[in-house]
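For reference, the chains in residue letters:
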Protein chains: 2
Amino acid sequence: MKRVVLLSGGMDSATLLYQEAQNVEGLYALGVHYGQRHMRELVAAQHVANSVGVPFTVVPLMGLRSILSASALTSDIPVPEGHYAAESMKATVVPMRNAIFLSVATGYAWSQGAEVVLTAVHAGDHAVYPDCRPPFIDAFNLMAQVACEGFMNPKILAPFVNMTKTEIAALGSALEVPWELTWSCYKGGEVHCGVCGTCFERREALAAFNDPTEYLKGS
Amino acid sequence: MKRVVLLSGGMDSATLLYQEAQNVEGLYALGVHYGQRHMRELVAAQHVANSVGVPFTVVPLMGLRSILSASALTSDIPVPEGHYAAESMKATVVPMRNAIFLSVATGYAWSQGAEVVLTAVHAGDHAVYPDCRPPFIDAFNLMAQVACEGFMNPKILAPFVNMTKTEIAALGSALEVPWELTWSCYKGGEVHCGVCGTCFERREALAAFNDPTEYLKGS
């Protein structure tokens, strides 16, 4: 069955891709250039897709940056430092990001003759990002099924939605995900900054799995 | 209350904009360049917005064309001729179009501090376009509310969803919508082709209201 994995270049979607790539037939990876601060993560996504032999398409939607100005990831608002679950991390919420990504991915699936779309949202996202929670996935599925009625029957799957980052790190390590190809940091420097929310989370999750990441700060 | 109207440049969204513009305060018009075959409709939208003094923003998302290849409006598939409700009109369905547009518009509303998003889908769309039907608007509202939880409480309104095109033509005429500024034709020639689905529908609806449109074919 044809299926589309949303691939960001981070640990979670890389693990999801590797899990799905146990059968690469009919598997497509899709990235979105939504005007994020840097291209590190999409370059990482390309490398991850190449490493497992899955075709990767980037949808160039940079114009989103001009209208989604409420987030530190799509504007000049400073990227907050600290733990992921902190109040300050709300600055990294991009309005309607997953609704936009999944709508685009479902449209792409339709055009490819695929009906399954996979996203790697996980439990660690729940505290800050409303569009990473199980009720969002459920509501999106209902909406998408109505939107495609008579043409296709989309299924949006979020197999990690109740898994912690550490559980994903364990799964990815077992699947031999090349962590060194993945990129998490919001800041997009030469190496991972080590102090933004997603660097904190990455470091904690990979601590027990021979983390190959070079971090600029922290220990 | 701030609100965003999705404006395509056609009769329906022009009428919706004029209805809302009875109070222009806090009113924004948003268009999407999604890689449609021609720019006639977005130029028309700009003229319509100018005529009533509402700021108009176009989101440049031309990259959608490369992935939404299943439609005659975003590919080189020929635009079908004939009545709107005909089976052949299914070629004009753009996968997930309204889900993408409304997700983008809701994200834009969030960034603008608006909570209301208006779309001019109407009953004439129901036969062909699943994402123009009342259950889609209902499902989208639920999804958007979950996606924005804790940040904003979006309301997506579709006040024409059960109106016919003729009823919209009557309303727009009463509101003095400048029909000559609007553009319906899928083909994007010098004048309206007169024989594509939306030209058929336009001609029928405006027949009783001094239609100023020049049509290439038909009578």
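Look up a bit, the structure's there.
Since we're looking at a predicted model, the values are computed, not measured.

A. Geometry of the overall build of chain A. Across its full length, chain A holds six helices and five strands. Start at the N end of chain A and walk to the C end: the helices and strands fall as β-α-β-α-β-α-β-α-β-α-α. Against the globule reference of 17 Å for 219 residues, chain A gives a C-alpha radius of gyration of 16 Å, in line with a compact fold. Its C-alpha atoms give chain A principal-axis dimensions of roughly 55 × 40 × 30 Å. Counting the 219 residues in chain A, one finds 53% classified as buried.

B. Structural context of the relation of the copies chain A and chain B. Between the two copies, chain A and chain B, the superposition gives an RMSD of 0.0 Å; the rotation angle is 180° and the shift along the axis is 0.0 Å. The symmetry that links the two subunits is that of a two-fold axis. Measuring from the rotation axis to each C-alpha of chain A, the shortest distance belongs to Leu-61 of chain A, at 2.6 Å. Both copies contact each other with a shared surface, as 100% of the interface residues of chain A are interface residues in chain B too.

C. The arrangement of the pairing of strand 1 (residues 3-6) of chain B in detail. Residue and element names in this part refer to chain B. Pairing between strand 1 and strand 2 (residues 27-33): four bridges, direction parallel. Paired with Leu-6 across the strands is Leu-30, a residue of strand 2. Note on the crossover from strand 1 through helix 1 (residues 11-20) to strand 2: the handedness is right-handed. Across three bridges, strand 1 lies against strand 4 (residues 116-118) in parallel orientation. Counterpart to Val-5 in the pairing with strand 4 is Leu-118.

D. Structural view of the interface of chain A and chain B. Listed as interface residues are 38 residues of chain A and, on the opposing side, 38 residues of chain B. Elements with a minimum of two residues in the side of chain A that touches chain B: strand 3 (56-60), helix 3 (97-112) and helix 4 (134-147) of chain A. Per-element accounting of the side of chain A that touches chain B gives the leading share, 10 residues, to helix 3 of chain A. Here the residues of the side of chain A that touches chain B are counted per class, giving 27 nonpolar, nine polar and two charged.

E. Here's a closer look at helix 1 of chain B. All names here are of chain B. Along helix 1, nine of the 10 residues are buried, which leaves the element largely enclosed by surrounding structure. Of all the positions in helix 1, only Met-11, Asp-12, Ser-13, Ala-14, Thr-15, Leu-16, Leu-17, Tyr-18 and Glu-20 are classed as buried. Structurally, helix 1 contributes buried residues whose contacts are with strand 1, strand 2, helix 2 (40-52), strand 4, helix 6 (165-174) and helix 7 (197-206).

F. Structural context of the sheet that holds strand 2 (residues 27-33) of chain A. Residue and element names in this part refer to chain A. Overall, parallel pairing links the five strands, which are arranged 3-2-1-4-5 in an open sheet. The two strands at the open ends of the sheet, each matched to only one other strand, are strand 3 and strand 5 (155-157). Within the sheet, the average angular offset between the axes of one strand and its neighbour, ignoring direction, is 25°. Helix-sheet contacts for helix 1 (residues 11-20) involve strand 1 (3-6), strand 2 and strand 4 (116-118), and the interaxial angle to strand 1 is about 160°.

G. Broad picture of unusual backbone geometry. With phi around 60°, Met-96 of chain A is a residue other than glycine that occupies positive phi space. By the element assignment, Met-96 of chain A lies in the loop between strand 3 and helix 3. Met-96 of chain A gets classed as buried once you count the C-beta atoms within 10 Å, which come to 30. Although it is not a glycine, Glu-176 of chain B sits at a positive phi angle of roughly 60°. Position of Glu-176 of chain B among the secondary structure elements: in the loop between helix 6 and helix 7.

H. Representation of the packing of helix 1 of chain A against helix 2 (residues 40-52) of chain A within the structure. Residue and element names in this part refer to chain A. In the contact formed by helix 1 and helix 2, the axes pass within 10 Å of each other and the chain directions differ by 20°. Considering their axes alone, helix 1 and helix 2 lie roughly parallel with respect to each other. In this structure, helix 1 crosses over helix 2, and the sense of that crossing is right-handed. Residue-level contacts link Ala-14, Leu-17 and Tyr-18 of helix 1 to Val-48, Ala-49 and Val-52 of helix 2.

About the cut-offs
- Residues numbered from 1 in each chain as written.
- Chains lettered and ligands numbered in written order.
- Predicted model: local features only at pLDDT ≥ 70, side-chain atom pairs only at ≥ 80, totals over all residues.
- Helix = DSSP H or I, 4+ residues; strand = E, 2+ residues; numbered from the N terminus.
- Rg over C-alpha atoms; globule rule 2.2 N^0.38 Å.
- Buried ≥ 20, exposed ≤ 12 C-beta atoms within 10 Å, placed from the backbone.
- Least-squares fit on C-alpha atoms with pLDDT ≥ 70 in both.
- Contact = placed C-beta atoms within 7 Å.
- Pairing = 2+ DSSP bridges.
- Right-handed = clockwise from strand over helix to strand, strands pointing away.
- Nonpolar A, V, L, I, M, F, W, Y, C, P; charged D, E, K, R; others polar.
- Axes fitted to C-alpha atoms, helices over the stretch in contact; angles between N-to-C directions.
- Parallel < 35°, antiparallel > 145°, perpendicular 65-115°, else oblique.
- Left-handed = near helix turned anticlockwise from the far one by under 90°.

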